[in-house]
Structure formats: structure tokens, C-alpha cells
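# Geometric and topological summary
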Amino acid sequence: MIENKNKNNIREEFFKYILSHICSRFQAEEYLKRKKINESERENLLNEAEELNLIDDLNFSKIFIDSHLNWGNKKISFELMRRKISRENIKLAFEDCENETSRIKKFISALNNSLDENKIISRLRSRGFNESSIRSALNNDDIEY
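The structure reproduced in this document is the subject of the present report. Nothing here was measured: the structure is a model prediction, and the numbers come from that model.

In total, this model carries 14 salt bridges according to the counting rule given. Among the ionic pairs, Arg 25 bridges to Glu 50, the shortest N-O distance being 2.8 Å. You can see Arg 25 sitting in helix 2 (residues 25–34) and its partner Glu 50 sitting in helix 3 (residues 39–51), a full 25 residues away along the chain. On the basis of relative accessible area, Arg 25 is assigned to the buried category, the value being 16%. Taking the shortest distance from any N to any O, the salt bridge between Glu 79 and Arg 83 comes out at 3.0 Å. An identical accessibility class is assigned to Glu 79 and Arg 83; each is buried. Overlapping salt bridges, with partners in common, bring together Glu 117, Arg 125, Glu 131 and Arg 135 in one network.

So this is what it looks like as C-alpha cells:
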């Protein structure tokens, strides 16, 4: 009886966590490891959460990309891979999100013409934007710097 009650508490605590934190499967698994949940119980909880669509690496990737509009695709991809998101999910997420060139245009517009072109390029590179996307955005007539 006590063991069953403990399992319910663990389950409830886990679901509270994933409902309050957008996370990848890997991050949810790491949370369960920190709670010292055995491997079979971890797998059961993770599978149940996926079946309920509470954990979805593709949706996590899309949300991550949309919340990091001032980062380039390289930096975003690196961070998603660090969170153990598959290359396929990363690729699919980028297809559904705003393209890099338009994110660069928004970033440049937000600078309010405060930097010269070389400093803009340097700042964009440091944020992981692709060189060809930077050039494409800067060669567009819509942007003045």
C-alpha cells in the first residue's frame, strides 16, 4: 500500500513538473533521474507523458526556436542537440518557424541604426546566424543601417 502511494506521489510530482516546464524528453528524464526514479518506472512515466502529448520534442523545438528569435540557426541547433533533440525534429521545427533571414531583419531593425554594418555582422555572427543569411538580409533594400 505504501509503495503504491509513493508511486502515485512520484507520478503526480512528475506531471506537475512537466505541466509547469516546457521540456524535452531528455530534460524530463533528467528530472526523474535527479529524483532517483528507477529506469523502468522512468520509462513508464515518460511514455505516459508522451502518449498524453505532455512531452513532444518537435513541439518543444518549435517553441524553443520561436522564443529565441535573436539567435541564429547554428546556435539554436546546437542548443537543441544539447537537449538531445533529434536532427530530424530540429529540421522539421525550422521548416515550420520563421526563416533566419527574416529573424535577422527584425534583429537589425531593433538596433535602430545604432551600429555600422561591420558591427552588425559581427554581432549576428556571434549569435550563430549563418553568413549567407546575414548577407541576404543586409543586401535587402528594406533595411537601412
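A word on the packing of aromatic side chains. Tallied over the full model, the rule gives six aromatic pairs. Taking 6.1 Å as the distance between ring centres and 35 degrees as the angle between the ring planes, the aromatic pair formed by Phe 60 and Phe 64 counts as tilted. Taken together, the positions of Phe 60 and Phe 64, both in helix 4 (residues 57–66) and four residues apart, correspond to about one turn of that helix. With respect to class, Phe 60 is no different from Phe 64; both count as buried. Taking 6.0 Å as the distance between ring centres and 65 degrees as the angle between the ring planes, the aromatic pair formed by Phe 64 and Trp 71 counts as edge-to-face. Judged on exposure class, the residue Phe 64 and its partner Trp 71 are both buried. Against the face of Trp 71 rests Lys 75, its NZ or CZ located 4.3 Å from the ring centre. Taking NZ or CZ as reference, Lys 84 lies 5.2 Å from the ring centre of Phe 26, over its face.

About the thresholds
All residue numbers refer to position in the chain's written sequence, counted from 1. Only residues with pLDDT of 70 or above have their local features reported here, since the model is predicted, and side-chain atom pairs are shown and tallied only from 80 upward, although totals for entire chains, interfaces and linings are computed over all residues. Based on all heavy atoms of the structure, the side-chain values leave hydrogens and waters out of the count. Salt bridge, as used here, is a side-chain nitrogen of Lys or Arg placed within 4 Å of a carboxyl oxygen of Asp or Glu. Strands are runs of DSSP state E lasting at least two residues, helices are runs of H or I lasting at least four, and both sets are numbered from the N terminus onward. When accessible area is computed with a 1.4 Å probe and restricted to protein chains, residues below 20% of their type maximum are described as buried, those above 50% as exposed, and intermediate ones as partly exposed. Any Phe, Tyr or Trp ring, taking Trp's six-membered ring, that has another such ring centre within 6.5 Å forms a pair; planes under 30 degrees apart are called stacked, those over 60 apart edge-to-face, and the others tilted. Remark: a charge is flagged as sitting over a ring if the NZ atom of Lys or the CZ atom of Arg is within 6 Å of the ring centre and within 35 degrees of the ring normal.

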